[in-house]
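What follows is each chain in one-letter form.
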Amino acid sequence: MKLVLLGPPGAGKGTQAVELSAQYNIPHISTGDIFRKKIKDGSDIGKKAKSFVERGDLVPDEIVVAMVIERLQERDTAGGFILDGFPRTKAQAEALDRCLSDLRIDIDIVLNFDTTEDVIVKRLSGRRVCKQCGATYHIVNMPTKVEGICDKCGGAVILRKDDEEATIRNRIKVYNETAMPLKEYYKAKGLFVTIDASLDYKELGVKLEALFKDKIG
Ligand code: AP5
Ligand code: MG
């Protein structure tokens with residue numbers, strides 16, 4: 001299964017990707033997660049990406065594209081993958097297509113997570129992430145068992161730097177400015193499927209399972 005997850009910040013792409021990755025045993029490739037790791041490690045790409053990620057602006061296409069192409073060459077993608085947060089521009093989608101065509105791979109579905117700005121703001125302002133392992137929680141919708149402590153690794157659970165209100169607003173603005181051409185691109189290819197991302201975790205999971213059975217078998 002080769003999936004692309006599109007949708008506004010906070011729509012729940014990462015949350016569903018974690019589930020799907022475990023269910024189908026395929027890697028979850030989140031460009032946001034990769035950038036956060038590289039920033040934490042102080043790598044060259046991390047240094048280049050830092051200011052863009054912290055402002056909520058897009059990292060330049062050439063940096064993201066090179067990083068994803070490298071990731072897709074790794075062996076664990078042979079049985080499929082979930083791309084979360086990439087592509088984000090039409091130029092990135094075209095670069096991805098060139099890369100996949102060289103690898104003789106076709107994308108099965110581009111899932112568009114559709115929700116409202118009100119849901120986005122509530123989800124992002126309540127999101128907490130583990131500083132150590134990156135696991136994602138929500139203070140109301142998915143709280144940790146012990147406040148401030150990650151259930152999985154015991155690390156400290158904090159607000160993501162780009163989840164402060166002004167940065168959330170900028171990320172939504174950037175998304176609204178860039179998403180349309182990308183959606184049109186995948187609609188024209190017949191790969192585009194919109195799902196109601198306002199549903200709660202479980203309902204959404206059930207819908208996705210039915211969708212995959214129908215589309216992929
Ligand atoms: P990235 O990490 O991709 O951030 P994003 O797109 O803004 O998306 P989020 O991770 O914020 O949201 P999500 O949809 O994954 O939501 P989540 O599942 O966590 O990118 C960060 C930055 O990196 C970008 O701003 C940019 O600078 C850079 N970047 C990354 N990719 C790039 C690219 N391709 N090109 C250029 N730059 C790039 O859920 C949110 C919250 O809601 C959580 O608390 C969760 O528990 C809760 N929740 C989730 N689903 C539900 C549900 N169904 N019901 C109730 N609560 C829910
Ligand atoms: Mg995410």
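Refer to the structure above for everything that follows.
These notes cover the structure that comes with them.

What counts, and where the lines are drawn
- Position numbers for residues start from 1 in each chain and track the written sequence from start to end.
- Note on labels: chains are lettered from A, ligands numbered from 1, in written order.
- In keeping with the predicted nature of the model, local features appear solely for residues at pLDDT of at least 70, side-chain atom pairs appear and are counted solely at 80 or more, and the whole-chain, interface and lining totals rest on all residues.
- Note that the side-chain values use all heavy atoms of the structure and ignore hydrogens as well as water.
- Runs of E in the DSSP output that reach at least two residues are strands. Runs of H or I that reach at least four are helices, and both are numbered from the N terminus.
- A radius of gyration in this sense is built from C-alpha atoms; the matching globule rule multiplies 2.2 Å by the number of residues raised to 0.38.
- Under the scheme applied here, a residue whose accessible area is under 20% of the maximum for its type counts as buried, over 50% as exposed, and between as partly exposed, the area being computed with a 1.4 Å probe on protein chains only.
- Residue contacts follow a heavy-atom distance rule, with two residues in contact if any of their heavy atoms lie within 4.5 Å.
- Accessible surface is estimated by sampling points in the Shrake-Rupley manner with a 1.4 Å probe; for residues, cover comes only from the protein chains shown.
- Counted charges follow a simple rule, with Lys and Arg positive, Asp and Glu negative, and His plus the chain ends left uncounted.
- Taken as the charge location is NZ of Lys, CZ of Arg, CG of Asp or CD of Glu.
- Buried residues of nine kinds, namely Ala, Val, Leu, Ile, Met, Phe, Trp, Tyr and Cys, make up a nonpolar core once their side-chain atoms join them within 4.5 Å.
- Cavities and pockets were defined on a 1 Å grid built over protein atoms only: a cavity is a set of grid points that admits a 1.4 Å probe from which the probe cannot escape, a pocket is an open set flanked by protein on both sides within 12 Å along at least five of seven lines, and lining residues are those with an atom within 4 Å of any such point.
- Grid points are joined across faces, edges and corners, and a volume is the space filled by probe spheres set on the points.
- Charged residues are taken to be Asp, Glu, Lys and Arg, nonpolar residues to be Ala, Val, Leu, Ile, Met, Phe, Trp, Tyr, Cys and Pro, and polar residues to be all remaining types, Gly included.
- Between Lys or Arg on one side and Asp or Glu on the other, a salt bridge is scored when a side-chain nitrogen of the former is within 4 Å of a carboxyl oxygen of the latter.
- Disulfides are defined as cysteine sulfur pairs within 2.5 Å.
- One heavy atom within 4 Å of a molecule or strand is enough for the residue carrying it to be called near that molecule or strand.
- Pairing of N or O atoms within 3.5 Å defines a polar contact, subject to two protein rules: one partner must be a possible hydrogen donor and the other a possible acceptor, and residues neighboring in sequence count only if both atoms are side-chain atoms.

Description of the overall build of the protein chain
Logical step 1: Broken down by element type, the protein chain carries 8 helices and 8 strands.
Logical step 2: A compact globule built from 217 residues would reach a C-alpha radius of gyration of about 17 Å, and the protein chain, at 17 Å, matches this within 12%.
Logical step 3: Along the first, second and third principal axes, the C-alpha atoms of the protein chain reach 45 × 40 × 35 Å.
Logical step 4: Buried positions account for 46% of the 217 residues belonging to the protein chain.
Logical step 5: Here the analysis covers contacts within the protein chain between residues at least 6 apart in sequence; of these, 70% occur between residues at least 24 apart.
Logical step 6: Per element, the accessible surface of the protein chain, about 11700 Å² overall, is 51% carbon and sulfur.
Logical step 7: Positive and negative charge centroids in the protein chain, built from 35 and 33 side chains respectively, lie 2 Å apart.

Considerations on the nonpolar core
The nonpolar side chains of soluble globular proteins are, as a tendency, buried together.
Logical step 1: Counting 29 residues, the largest nonpolar core has Phe35, Leu72, Leu83, Leu96, Ile107, Val110 and Tyr186 as its most contacted members.
Logical step 2: Those elements that provide at least two residues to this core are β1 (2–6), α3 (44–55), α4 (61–72), β3 (81–84), α5 (90–102) and α7 (165–188).
Logical step 3: Examining the composition of this core, we find that 6 residues originate from one element, α4, more than from any other.
Logical step 4: When neighbours within four sequence positions are excluded, Leu72 is seen to be in contact with Ile29, Thr77, Phe81, Leu96, Cys99, Leu100 and Leu103.
Logical step 5: Formed by 19 residues, the second largest nonpolar core is a distinct cluster that contains Leu3, Val193, Ile195 and Leu208.

So, the layout of surface pockets
Logical step 1: In this structure, the second largest pocket occupies an estimated 210 Å³ of space.
Logical step 2: In terms of lining, the second largest pocket is formed by Thr15, Gln16, Glu19, Leu20, Gln23, Met142, Tyr201, Lys202, Gly205, Val206, Leu208 and Glu209.
Logical step 3: Looking at the lining of the second largest pocket, the element that brings in the most residues is helix α8 (residues 201–215), giving 6 residues.
Logical step 4: Looking at the lining of the second largest pocket residue by residue, the class counts come to 5 nonpolar, 4 polar and 3 charged.

Comments concerning unusual backbone geometry
Logical step 1: Geometrically, the link from Phe86 to Pro87 is a cis peptide bond, its omega value of -5° lying close to zero.
Logical step 2: In the Ramachandran plot, Asn25 falls in the positive-phi region, its phi being about 55° despite a non-glycine side chain.
Logical step 3: For Asn25, the position within the fold is in the loop between α1 (13–24) and β2 (28–30).
Logical step 4: The class for Asn25 is exposed, based on a relative accessible area of 69%.
Logical step 5: Even without being glycine, Arg104 reaches a positive phi, approximately 55°.
Logical step 6: Here Arg104 lies in the loop between α5 and β4 (109–114).

Digging into the pattern of salt bridges
Logical step 1: For the structure shown, the criterion picks out 18 salt bridges.
Logical step 2: Overlapping salt bridges bring together Arg127, Arg160, Asp162, Asp163 and Arg171 as one network.

Some thoughts on the state of the cysteines
Logical step 1: Inspection of every chain in the model, using the stated rule, returns 0 disulfides.
Logical step 2: Free cysteine Cys133: the closest other cysteine sulfur is in Cys153, separated by 3.7 Å.

Quick notes on the site of ligand 1
Logical step 1: Around ligand 1 lies a shell of 35 residues, among which Thr15, Asp57, Arg88, Arg127 and Arg171 are the nearest.
Logical step 2: Between ligand 1 and the protein, one listed contact pairs a nitrogen atom with a side-chain N or O atom of Gln92 at 2.9 Å.
Logical step 3: Its free accessible area being 1100 Å², ligand 1 has 97% of it covered by the protein chains.
Logical step 4: Looking at the shell around ligand 1, the elements that each hand over two or more residues are α1, α2 (31–41), α3, α6 (117–126) and β6 (136–138).
Logical step 5: Tallying contributions element by element places α2 first for the shell around ligand 1, with 4 residues.
Logical step 6: Across the shell around ligand 1, the residue classes break down as 14 nonpolar, 11 polar and 10 charged.

Any functional reading would require information that these geometric values do not contain.
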